[in-house]
Each structure stands twice: as C-alpha cells, then as structure tokens.
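Given next are the chains, with one letter for each unit.
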Amino acid sequence: MSMKRILIVVDMQNDFVTGALGTPEARAIEKNVVETILGFDGDIYFTLDTHGANYPRTQEGRRLPVAHCAAGTDGWSPTAAVWMALKERNVADERHMVCKETFGARDLPFRLHDDMGRDIDEITLVGVCTDICVISNALLLKAFFPEARLVVDAACCAGVTPESHQTALNAMRACQIDVV
C-alpha cells in the first residue's frame, strides 16, 4: 500500500514574494519551493491569501493596513515560477487551489478529507509566511489529522523576519511538527 502524502504550498503569491509584503527571504526560497513542487511524490495543493474590498475593515486589515492579495490582481497570483511548476505537475486548477481570507485555510482540512480520507500519512508545508500562515495551517492540519506526520521544510519557508521565522519553527517543533 502506497503512502498518502500531501504537499501544501502556502501563499507563494506575488505580493508576498516581490510585491507589497515581499521580502528578500521570500525571494530566496522561491527556487527551493519550485524544486520541491517538481520533485514531490504525492498530491499537491496550494493556498491563496485572498482579500476583497472590505479588507481595511477586517481585524487583519486594521492591524496590517497594507493592501495585498486582492482577488484577481497580479499580487494575488502565484509567482510565475511557482505557477509554472504547478502547471507542470498538472495541479494549477481550482481543485487544488484553496482560497483563504484569513491566516489558516479553514476549508483545507475538509478538502483533504474529502479527497484523501482521514488516513493521510504525511503532510508537508512550504511557503510564506512561516510565522503567520504556515504555522496557522500547520496547527490546523495537526488538529484535524493528529496521526499524520506533519512536516515543515524550513528551507522552503520564509517569515516576516528571520527571527520570527525561527520562533515559528520552534513553536511548531513544540507541537510535534517535524521541521526539516
């Protein structure tokens, strides 16, 4: 029986890499993320941070008053290199895309359950930001799939700052998530 393995590519969108909230660290991991997508042996899903016109009135918008990832804009789109890798793997479609309006993709565990069942062996997460959306999704998935091995690939993640990236990795380790 083959292992049920899933890769979750978190928010590798233009606004988080080169746009409004881009960082040198996010740009630096893009190549690693692309290589991971192309070499991954299992199912692949990707999340898209997605905001609308009401963003400034949301709690997040009041705390982070930087317009980003507005649905349908270039900033909302995956980076060109990530999109090409997803297309090469035949997963650049709505079945594999999970739009989310908050840090954690609330629908993601249900989508995985519907597609794969509860007996998922391993879930790997890569992307940005380690200290916000990656950790939120990792903990959400750990709660929903407690017996699956959860893995975060540190070389394929970037935080808001290098320090907050490291803090998030340490927090995930404490929650029995394997950081590789």
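Residues numbered from 1 in each chain as written. Predicted model: local features only at pLDDT ≥ 70, side-chain atom pairs only at ≥ 80, totals over all residues. Heavy atoms only, no water.

Chemist: Is there a simple way to explain the pairing of strand β5 (residues 149-158) in this structure?
Modeler: A regular strand places its side chains so that they alternate between the two faces of the sheet. Taken across its 10 residues, β5 has 7 buried, putting it largely inside the fold. Bridge count for strand β4 (residues 122-128) against β5 is 6 bridges, and the pairing is parallel. Looking across to β5, one finds that G127 is bridged to C157. Note on the crossover from β4 through helix α6 (residues 130-144) to β5: the handedness is right-handed. Looking at chain direction, β5 and strand β6 (residues 178-179) are connected through 2 bridges and run parallel. Paired with V151 across the bridge in β6 is D178. (Buried < 20%, exposed > 50% of the residue type's maximum accessible area, 1.4 Å probe, protein only. Helix = DSSP H or I, 4+ residues; strand = E, 2+ residues; numbered from the N terminus. Pairing = 2+ DSSP bridges. Right-handed = clockwise from strand over helix to strand, strands pointing away.)

Chemist: Sorry if this is basic, but what is going on with the state of the cysteines here?
Modeler: Two cysteines, two sulfur atoms, one covalent bond between them: this is a disulfide. Enumeration according to the criterion identifies 0 disulfides in this entry. Summary of cysteine pairing: C129 is not part of a disulfide, and the nearest cysteine sulfur, belonging to C133, is at 6.5 Å. Free cysteine: C157, not disulfide-bonded; nearest cysteine sulfur from C156 at 6.8 Å. Residue classification places C157 among the buried positions, given a relative accessible area of 4%. (Disulfide = S-S within 2.5 Å.)

Chemist: Can you help me understand the environment of L140 in this one?
Modeler: Along the chain, L140 falls in helix α6. The class for L140 is partly exposed, based on a relative accessible area of 28%. Sequence separation between L140 and V160 is 20 residues, and the spatial gap between their C-alpha atoms is 20 Å. When near neighbours in sequence (up to four residues on either side) are disregarded, L140 contacts G104, A105, R106 and P109. (Contact = heavy atoms within 4.5 Å.)

Chemist: I tried to follow the packing of aromatic side chains on my own but got confused; where do I start?
Modeler: One pass over the structure, following the stated rule, counts 3 aromatic pairs. Both rings, one in F46 and one in W83, keep their centres 6.1 Å apart while their planes meet at 85 degrees; by these two values the pair is edge-to-face. Of the two residues, F46 sits in strand β2 (residues 43-49) while W83 sits in helix α4 (residues 80-88), which places them 37 residues apart along the sequence. Relative to F145, the ring of F144 has its centre 5.0 Å away and its plane inclined at 70 degrees; by these criteria the two rings are edge-to-face. On the basis of relative accessible area, F145 is assigned to the buried category, the value being 2%. Members of the aromatic cluster, each reached through a chain of ring pairs, are F110, F144 and F145. (Phe/Tyr/Trp six-rings, centres within 6.5 Å; stacked < 30°, edge-to-face > 60°.)

Chemist: Got a minute to help me understand the packing of helix α2 (residues 24-39) against α4 in this structure?
Modeler: It is at 9 Å that the axes of α2 and α4 come closest, and there the two elements cross at 5 degrees. Considered as vectors, α2 and α4 are oriented roughly parallel to each other. The residues of α4 that touch α2, namely those facing E30, V33, V34, I37 and L38, are A81, V82, A85, L86 and E88. Partitioning the contact of α2 with α4 into residue classes produces 8 nonpolar, no polar and 2 charged. (Axes fitted to C-alpha atoms, helices over the stretch in contact; angles between N-to-C directions. Parallel < 35°, antiparallel > 145°, perpendicular 65-115°, else oblique. Nonpolar A, V, L, I, M, F, W, Y, C, P; charged D, E, K, R; others polar.)

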